[in-house]
Amino acid sequence: MKKLNLLFTTVFLVSTFLLSCSSDDNGNSGESENNQISIEQITNGVTIAGAKLETGTPPSPTGLLNFEISKTEQDGFLNNGFNISFASTGQIKGAYIQFKDVNGNNSNGYYDVPKEAFGNSDGVKISSINGKKKVSLRTKINGEGDLQINVDFEESVPVGKFCYAICIYDANGNISQVEEVCVQVNSWGGNSAIVGEWIFDREEPADIENGATTTIECENGNTLTDVAYNMEEKDEWVFVLNEDGTYYETYDEKGKRLDAQASSLNCTAVYTETYEYKDKYSGNWSYDNEKKTITVVDFKYENLINAAESEEYPDGSVYFEAAKIEIIAGKLVITDSYNDGNITVTEKIIFKRK
């Protein structure tokens, strides 16, 4: 995600990657050249729970298994790790993963990760508030049905860069083509200019779900148009970035919902059912000074009305991922891009200081 890949030479490609579960791209750019994580640090500090460490090189791909991984670069974080997110329409039995440094030197051995050790992005709890940006961002970043493998870091893993090659296999011996991804390990925090308590101002383009209306046919034959579904009393979204790299945000919403039957009977908008949501997310943020982007990871969700609905994410759950962030006219502007089919959609979320 964060750095550009550098193509290995043809000789290295033929001698190494065509014979095993490895690929031909290697990340190496700018600042990360001075922070290359060594094979020894990778071997001693990077682990995958539930996987078996095998000697040698992974079996050769057959190319007969569908395998989709959406990125060639991604972030990892000190003392935490990262998630490998991918999708396949095949009946997957497991995955082979081999780590390497940015110069293409493979670790001694590879991980055989059984499907039972996979996670799934659908299992992450989201805010109880329907239509909030938190919900849509998670869907766009993770994708429904994406499989995930959690990779953990020991404290010995430093800031820097390394790569991994991954392929998947089924019970019939089919092995997918190999994909290589390079990981930039970051520390938390990183830009004091964006630190502070921010309150949501607006988004561009405006969310069509906010302020949605309907038409009501009255029993007396008249028609009510542009009737709002909700009568809001309060709707506040606070986003807080702390100097130490921690973050939290709260959603506080209260109002009444439209009673369509009573509205039709009286031929006027009637709001009866009261709703109230109070949610809090907390975790960490990291700023990429080179790209001018922010990544935010949640580690805890709290339902401030019903504590039984609260949940923790020990492995972390990505919220913003390498989103452009800047201060414009005193406001915090986060620009998020994602693919919707063949179209790239760009949205801006704008906060003002509280």
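Residues numbered from 1 in each chain as written. Predicted model: local features only at pLDDT ≥ 70, side-chain atom pairs only at ≥ 80, totals over all residues. Heavy atoms only, no water.

Focus on the pattern of salt bridges
Now for step 1: The full count for this structure, using the stated rule, is 11 salt bridges.
Now for step 2: In this structure, the salt-bridge partner of Asp201 is Arg202, at a minimum N-O distance of 2.6 Å.
Now for step 3: Residue classification places Arg202 among the partly exposed residues on the basis of a relative accessible area of 34%.
Now for step 4: The closest approach of N and O atoms between Lys234 and Asp252, which form a salt bridge, is 2.8 Å. Remark: Asp252 occurs in strand β17 (residues 246–258) and Lys234 occurs in strand β16 (residues 230–241); sequence separation between them is 18 residues.
Now for step 5: Several salt bridges share partner residues, and in doing so they unite Asp201, Arg202, Glu204 and Lys331 into one network. (Salt bridge = Lys/Arg side-chain N within 4 Å of Asp/Glu carboxyl O. Buried < 20%, exposed > 50% of the residue type's maximum accessible area, 1.4 Å probe, protein only. Helix = DSSP H or I, 4+ residues; strand = E, 2+ residues; numbered from the N terminus.)

A closer look at the confidence of the model for the protein
Now for step 1: In the predicted model, the protein carries a mean pLDDT of 83, and the fraction of residues at 70 or more is 82%.
Now for step 2: Segment residues 122–133: pLDDT under 50, and 42 contacts once partners within four positions in sequence are set aside and those in other chains are kept.
Now for step 3: For the stretch residues 136–145, pLDDT sits under 50, and the model shows 32 contacts to residues farther than four places along the chain or on other chains. (pLDDT = per-residue confidence, 0-100. Contact = heavy atoms within 4.5 Å.)

Things to note about the side chain of Asp112
Now for step 1: Structurally, the position occupied by Asp112 is in strand β8 (residues 110–114).
Now for step 2: This buried residue, Asp112, is left without a salt bridge; Lys52 holds the nearest opposite charge, at 7.2 Å.
Now for step 3: Within the structure, Asp112 has its side chain in polar contact with the side chain of Tyr169 (distance 2.6 Å). (Lys, Arg positive; Asp, Glu negative; His and termini not counted. Polar contact = N/O pair within 3.5 Å; in protein donor to acceptor, adjacent residues only side chain to side chain.)

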